[in-house]
Amino acid sequence: MSALQVSGLSKSFRVELPREDALSALRRFFTGRSPTRAFDALADISFSAEPGRALALCGPNGSGKTTLLRVLAGITVPSAGSVNYAGKKACLLGFASIIQDRLSVRENARLCSVFFELPGSPAENAERVMAAAGLDHLRNARAGELSAGMKLRIPFMAALTSGADLFLIDETLAVGDAAFRELCLGRLRDLKRAGAILIFATHDPALAAGLADEVLLLEAGRAAYYGPLSGLPAAAKEPPGAAFSRGLERYAILYGELKAAGFAVREAAPASDAELLLAHTPGWLARLKANDLSPAEEAELALPFSAKIIPLSWRLAGGTLAAARQALKTGLGVFPPGGGHHAFPDRGEGFCPVNDIAVAARALLKEGLVKRPAVIDLDAHQGNGTAYIFSGSEVKTFSAHRAGGYPALRVRSAMDADIPDGAGDEVYLAAVEKGVKAFLELAKPDFVFALCSADPYEGDALGGLRVSEAGLKRRDEFLFGELAAAKVPVCVVTGGAYSSPAQAARINFNTIAAAAAALPAASREIFS
Amino acid sequence: MRKEDLAKLLALTRAEWRLRQQSTFLGFLWTLLNPALMFAVLYGLFVKWLGQAQADYASFLLIGIVQWNFFASATSYALSSLLRRSALLKNYPLPLEVPALAAVLSVYFSHLLELLSMCAILVLMGARPTPAWLWLLPIDLGFLLLAAGAGLLLSGLFAFYTDLERIWGILLTAGFFLTPVFYPLSVLTPEKARLLAFSPLTSVIEASRAALLGPALCGGVPPAWLWGAAAAAAGVIFLRLKRRAIGDIL
C-alpha cells in the first residue's frame, strides 16, 4: 500500500456574477453567460497520509473541503500542485448523484457495484451490496420510494466493499439510522486497521476525534491548521450547530430585558404555506414539512438537528411578516429572531431554512402596501439568499459584510460593501455609513427591512469583524437616524449572534433601543 | 479507456436504456410508434409522386426513416448528456466520454430493435432476406461511430453554448430535408444530387438501402467508416482538450 502525498495544491474557478446593467444584460442575452470573477477555492495545500492513517478535513461551509476531495479523487484538475497516490480510490462524495430514483434497488446496486469497481460479476456484487445495506427485501422497489438515508446505504456499502486503499468521504458519515451509522464507522475502522487511508470531511468534532489521527482545518481555501486534533483551535472543536444553539439561548435574556425596559413582547402567528410560497418553491416546502433532508443538505444548513429547527420556519416567516405589518402602521416593527438571509428559493444554507425577509417583502408587495421595499443587511455574512431572490427585481438589497467570510460563493446584491477581516470600529463604521447613505440614495425605498446582527461584535465566534459593543451601538443609531430622517418605516430583525448569550442579548437590546429612540412615536410591541 | 471505465460505460448505457423505456407508459412501443407515424404521414403524402420515381417506395421510405431517426435521436440525447449527468461527473472519477457514449449506445440499442422490426416488416412486404443483408452490420457500426463522434462533440460544445440545443434542432430539421430520407436522389438535378451525396448521412442511408433492397453494394461501407472514424476522433480530441474547462463549468 502506498502513501498519499499532496504538495502545493491550488484550484481557481471562474464564478458568474449576476449584474443588471444594460451591457451585461446584452452580453448575457448573446452568450448565455454573466460576467465572471476569479475564485480561489484552494490555495497551496500540502499534506501527507501514510497507510492506516485517517485525516479529517474540517472548516466552515465553502472553505474548500469538497473541492479538495474532488481534486484528490482525480475528478477536478488542480490549477497547480500535485497528488501522488498509486492505489485504488473509493470516492464517497455526492451519493445521491449515482442513485436513479426510477430504477429498482437491485438495478441501483448493480450500477454502484460497477462504479465502485467491485471485482467480480455485477449481478453477484449487486446481491452482496443489497445484503450488506439491509435492503434485500426491497430489491424490486424503486429507489425513489426509499427514504434519503436508506437510498444512500447502497453506494456507501458498495464503496466499503470495493477493496479500495484510499477512501475519500464528504460529510456523509451520518448515513441512515444510528445502527447503520455505527456499522459503517465500524467497517471504516476495520479498513483503517487493515492499512486503508481515510480522508473525510466533517463538521462533527466528535467524529473527527473518534476516527482521525490528524486534522486539516480549511478556511477560505487555505490550510489554517494541520496537525493532531488536540491542537485544533477551540472554535473549530465545537459540535456542528453549537454556535446556532448558543444564539438561540439569547432570546430568553433579551425578552426579559425588553420587558423590564417597558416593551411588550407578543408571539406572532406562523406564516401560512401560501405566504412561504411567495419566496420558496413547493418542492422545498414539501421537503421541509416532511423533514426529509439528506446529510449533505443538513451540512449545508449547518443544522444536524434540523428536525427540531425546521418546524420553526413557519414561525420565523410569520414573525417578520407581523413586524413588517406593524412597521407600516407605526413606523417600526421588531422581530429579533428574523433574518434568514442565506436561504434560497429551493434550499437552505448557513442556519437559514427559509428567507423570512423575502417572504415578508413579497407579501407586502403583493398586497400593494409597499412599492419600493429595500433590505439593509448588516450581518457579518453576505446575504446571498436575499440577493439571489431579489436579483433584478424592484426590491433593492444592500449587504455590508466581512470580505473573507461566509459564504465563499456569493450572489451580488444591488450594492455590497466588502469590509476587511478584523476591521475594527472605525473601518467598519466608515464602510457602513458610506454604504447606507449611497444605498438609500440609489434605492429611494418606501420601506426598509433592517438586519442589524450582533455578529460583527469582537467577541463573536463566526463574525470576524472585531467591532466593539459601542461601535455597534453607533452603527444602529446612525442607521435608524437616517431612516427616521427619511420617514421610512423599518422592520428590524437581528439574525445571527455567536458570542455569549448574555453579550449577544445586550447588543440586540441596544439595537432595539436605538430604533425605538429614533422613532419615538412607534409601537413598543416586540414580536417573538 | 480503462477496462473499468468500459464497464462503467456499459452499466450507464444499461441504466440509460432502462430509464428511457420506463419514462413512458408503453416503453419500447413508443420508440417504434415514432418512426411508424412518420412513415404513415410521409407515405400518404408522397407515394403518388415519389412512388413513380422509386420502385418499392414503402421499403425505401422505411429504411430512410429508421436510419435517420437513429441519428437524430442519438445526437439530441447525447447533446445534453454531460449536463444531465453533471452531478455524477462532479462526484465520481469518470471520463467525460462515458455519459455521452452511454446516451448514444442506449439509443443504439433501441435502434437495433427497430432494425429487427424493420427487417420483419420488409419480409412481410415481400422482400426476400439475402446474404447481402449482412452488409447492414458493418454499415450500421460505421453509422454508430458517426453518431457517437457527433454526440461527443455536441455534448462538449453544449457545456459552453447552451443555445446549441435549439440550434441543433433547427439543423436536424434542415438535415432531414437535405438527406434522401423520403425522396430518391434521382428526382434531383445531377448537380444537387452530387452535392447531397457528400453528406455522410446520405452515404449511410443509401448504403443501407442497397444492402437490403439491392443492388447489393459494399461501396457504402468505407465512407460510413471513414466519416464515423473522423467524427469519433474529433469528438474524443475535443473532450480531452477541454476536459478541465468543461469540468469547471459543470
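Just above, that's the structure.
Residue indices begin from 1 for each chain and proceed along its sequence in written order. The naming scheme follows written order: chains are lettered A onward, ligands numbered 1 onward. Given that this is a predicted model, residues contribute local features only at a pLDDT of at least 70 and side-chain atom pairs are listed and counted only at 80 or more, while totals for whole chains, interfaces and linings are drawn from all residues. With hydrogens and water set aside, each side-chain value is computed from the structure's full complement of heavy atoms.

Chemist: I tried to follow a nonpolar patch on the surface on my own but got confused; where do I start?
Modeler: Residues and elements named next belong to chain B. Taken together, the side chains of Trp30, Leu33 and Leu37 define a hydrophobic patch exposed on the protein surface, amounting to about 290 Å² of accessible area. Here a helix means four or more residues in a row that DSSP labels H or I, a strand means two or more in a row labelled E, and each is numbered from the N terminus. Of note, Trp30 is situated in helix H2 (residues 28-53). Note on exposure labels: buried denotes an accessible area under 20% of the residue type's maximum, exposed denotes more than 50%, and partly exposed covers the range between, all computed with a 1.4 Å probe on protein chains only. With a relative accessible area of 40%, Trp30 lands in the partly exposed category. Note that patches include only residues with greater than 30% relative accessible area and no salt bridge, and the join distances are 9 Å for like charges and 5 Å for nonpolar side chains (Val, Leu, Ile, Met, Phe, Trp, Tyr). Values of accessible area rely on a 1.4 Å probe in the Shrake-Rupley scheme; residue burial ignores everything except the protein chains shown. What counts as a salt bridge is simple: a side-chain nitrogen of Lys or Arg found within 4 Å of a carboxyl oxygen of Asp or Glu.

Chemist: Looking at this structure, how should I read the pairing of strand E8 (residues 214-219) of chain A?
Modeler: Looking along a regular strand, one sees side chains alternate from face to face of the sheet. All names here are of chain A. Strands are labelled as partners when DSSP assigns at least two bridges between them. The pairing of strand E3 (residues 54-58) with E8 spans four bridges and is parallel. By the bridge assignment for E8, Leu57 is matched with Leu216. Pairing geometry for E8 and strand E9 (residues 222-227), over five bridges, is antiparallel. If you follow Leu217 over to E9, its bridge partner there is Tyr225. Connecting the antiparallel pair E8 and E9 is a turn made up of two residues, with Ala220 showing a positive phi of about 50 degrees.

Chemist: Explanation requested: the packing of aromatic side chains in the structure shown.
Modeler: Two numbers describe a pair of aromatic rings. These are the distance of the centres and the angle of the planes. Residue and element names in this part refer to chain B. Pairing of aromatic side chains requires ring centres within 6.5 Å, counting the rings of Phe and Tyr and the six-membered ring of Trp. Pairs whose planes differ by under 30 degrees are stacked, by over 60 edge-to-face, and all others tilted. Throughout the structure, instances matching the rule amount to 20 aromatic pairs over all chains. Where Phe70 meets Tyr108, the ring centres are 5.4 Å apart and the plane angle is 65 degrees; that geometry is what we call edge-to-face. Here Phe70, found in helix H3 (residues 57-79), pairs with Tyr108, found in helix H6 (residues 97-124); they are 38 residues apart in sequence, far enough to count as distant. The pair formed by Phe70 and Tyr108 is uniform in burial state, with each residue classed as buried. Pairwise contacts between aromatic rings join Trp68, Phe70, Phe71, Tyr108, Phe143, Phe176, Phe177, Phe182 and Tyr183 into one cluster. The positively charged end of Arg84 is found above the aromatic ring belonging to Tyr77, 4.0 Å away from the centroid. In our convention, an over-ring charge means Lys NZ or Arg CZ found within 6 Å of a ring centre and within 35 degrees of that ring's normal.

Chemist: Can you walk me through the sheet that holds E8 of chain A in this structure?
Modeler: Think of a sheet as strands paired side by side through backbone hydrogen bonds, with each pair either parallel or antiparallel. Residues and elements named next belong to chain A. Strand order across the open sheet formed by six strands is E5-E6-E7-E3-E8-E9, with mixed pairing between neighbours. Of all the strands in the sheet, just strand E5 (89-92) and E9 have a single pairing partner and so form its edges. Between one strand axis and the next, the sheet turns through 15 degrees on average, direction left out of account. Summarising the sheet, E5 and strand E6 (residues 166-170) pair through four bridges and their orientation is parallel. Residue pairing for E6: Cys91 is matched across the bridge by Leu168. Only the stretch in contact is used when fitting a helix axis, every axis being a line fitted to C-alpha atoms; angles between N-to-C directions are given from 0 to 180 degrees.

Chemist: Can you walk me through the packing of H3 of chain B against helix H7 (residues 136-160) of chain B in this structure?
Modeler: Describing two packed helices takes the angle between their axes plus the distance from one axis to the other. Residue and element names in this part refer to chain B. Taken N-terminus to C-terminus, the directions of H3 and H7 make an angle of 30 degrees; their axes are 8 Å apart at the nearest point. By the angle between their directions, the pair H3 and H7 is classed as roughly parallel. In this structure, H3 crosses over H7, and the sense of that crossing is right-handed. Along its contact with H3, which presents Gln67, Phe70, Phe71, Ala74, Thr75, Ala78 and Leu79, the element H7 presents Leu136, Asp140, Phe143, Leu144, Leu146, Ala147, Ala150, Gly151, Leu154, Ser155 and Phe158. By the convention adopted, Pro, Cys, Tyr, Trp, Phe, Met, Ile, Leu, Val and Ala count as nonpolar, Lys, Arg, Asp and Glu as charged, and the other residues, Gly among them, as polar. In the contact of H3 with H7, the residues fall into 13 nonpolar, four polar and one charged. Our angle categories are set so that under 35 degrees counts as roughly parallel, over 145 as roughly antiparallel, 65 to 115 as roughly perpendicular, and the remainder as oblique. Left-handed describes a crossing in which the near helix is turned anticlockwise from the far one by less than a right angle; the clockwise case is right-handed. Only heavy atoms enter the contact rule, under which two residues are in contact if any of them lie within 4.5 Å.

Chemist: How should the nonpolar core be read in this particular structure?
Modeler: Side chains of nonpolar character tend, in soluble globular proteins, to be buried together. Counting residues in each nonpolar core, the largest one holds 129 residues, and the members touching the most others are Phe167 of chain A together with Phe71 and Phe182 of chain B. Apart from residues lying up to four places away in sequence, Phe71 of chain B is in contact with Phe143, Leu146, Ala147, Ala150, Trp168, Leu172 and Leu201 of chain B. As used in this record, nonpolar core signifies buried Ala, Val, Leu, Ile, Met, Phe, Trp, Tyr and Cys residues forming a set joined through side-chain atoms within 4.5 Å. In terms of nonpolar packing, the next biggest core, distinct from the first, is built from 50 residues, Val334, Leu378, Val467 and Val490 of chain A among them.

Chemist: Explain the side chain of Asn355 of chain A to me, please; I cannot follow it from the model alone.
Modeler: Here Asn355 of chain A lies in the loop between strand E11 (332-334) and helix H14 (356-366). Look past the residues within four positions of Asn355 of chain A in its chain and what remains in contact with it is His280, Gly340, His341, Ala343, Gly385, Thr386 and Ile389 of chain A.

Chemist: So what exactly am I meant to see when it comes to the pattern of salt bridges here?
Modeler: Pairing between side chains becomes possible if they bear opposite charge and their charged atoms approach one another. Tallied over the full model, the rule gives 29 salt bridges over all chains. Across the pair Lys289 of chain A and Asp273 of chain A runs a salt bridge whose closest N-O atoms are separated by 2.3 Å. A residue pair is termed long-range when its members are at least 10 positions apart, and Lys289 of chain A in helix H10 (residues 282-290) and Asp273 of chain A in helix H9 (residues 273-276) qualify at 16 residues. Lys289 of chain A gets classed as exposed once you look at its relative accessible area, which sits at 52%. Note that Glu16 of chain B and Arg84 of chain B form a salt bridge whose closest N and O atoms lie 3.8 Å from each other. Residue Glu16 of chain B is found in helix H1 (residues 3-22), and its partner Arg84 of chain B is found in helix H4 (residues 81-84); the two are separated by 68 residues along the sequence. Among the residues examined, Glu16 of chain B registers a relative accessible area of 1% and is labelled buried. Take Arg84 of chain B: its relative accessible area is 36%, and that puts it in the partly exposed class. Three or more residues joined by partner-sharing salt bridges are found here, namely Glu117 of chain A together with Arg2, Glu4, Asp5 and Lys8 of chain B.

Chemist: Help me out: how do you make sense of the interface of chain A and chain B in this one?
Modeler: Often, the extent of an interface is quoted as the loss of accessible area on bringing the components together. Each partner contributes to the interface: chain A provides 29 residues, whereas chain B provides 28 residues. Buried area is a sum: the accessible area each of two parts loses on coming together, probed at 1.4 Å, counted once for each and added. Contact between chain A and chain B buries roughly 2,600 Å² in total, counting both sides, with carbon and sulfur atoms accounting for 53%. Taken together, the links from chain A to chain B amount to four salt bridges. Between Arg2 of chain B and Glu117 of chain A there is a salt bridge, with the nearest N and O atoms lying 2.9 Å from each other. Distance and chemistry together define a polar contact, namely a pair of N or O atoms within 3.5 Å, with one atom able to donate a hydrogen and the other to accept it when in protein, and with adjacent residues in sequence counting only for side-chain atoms on both sides. Across the chain A-chain B interface, the total number found is nine residue pairs in polar contact (both at pLDDT 80 or more). Secondary-structure elements contributing two or more residues to the side of chain A that touches chain B are strand E1 (4-16), helix H2 (65-73) and helix H3 (105-115) of chain A. Element by element, the count of residues in the side of chain A that touches chain B is highest for H3 of chain A, at five residues. Of the residues contributing to the side of chain A that touches chain B, the split by class is 15 nonpolar, six polar and eight charged.

Chemist: I keep staring at unusual backbone geometry and nothing clicks. Help me out?
Modeler: Most peptide bonds are trans, and most residues other than glycine sit at a negative phi. Residues and elements named next belong to chain A. With phi around 55 degrees, Glu117 is a residue other than glycine that occupies positive phi space. Among the structural elements, Glu117 can be located in the loop between H3 and helix H4 (122-133). At Lys444, a residue that is not glycine, the phi angle is positive and equals roughly 40 degrees. Given the relative accessible area of 48%, Lys444 is considered partly exposed.

Chemist: Explain helix H18 (residues 501-518) of chain A to me, please; I cannot follow it from the model alone.
Modeler: Side chains of residues three or four places apart in an α-helix project in the same direction, reflecting 3.6 residues per turn. Over its 18 residues, H18 of chain A runs 26 Å from end to end, which matches the ideal 26 Å to within 8%, given 1.5 Å per residue. Across the 18 residues that make up H18 of chain A, a large majority, 13, are buried. Expected helix span is taken as 1.5 Å per residue step, with the number of steps being one fewer than the number of residues.

Chemist: Help me understand the environment of Ile507 of chain A in this model?
Modeler: Residues and elements named next belong to chain A. Along the polypeptide, Ile507 turns up in helix H18. For Ile507, a relative accessible area of 2% corresponds to the buried category. Along the primary structure Ile507 and Ser453 are separated by 54 residues, whereas in three dimensions their C-alpha atoms are 8.5 Å apart. Setting aside chain neighbours within four positions, we find Ile507 in contact with Ala454, Tyr457, Glu469 and Leu472.

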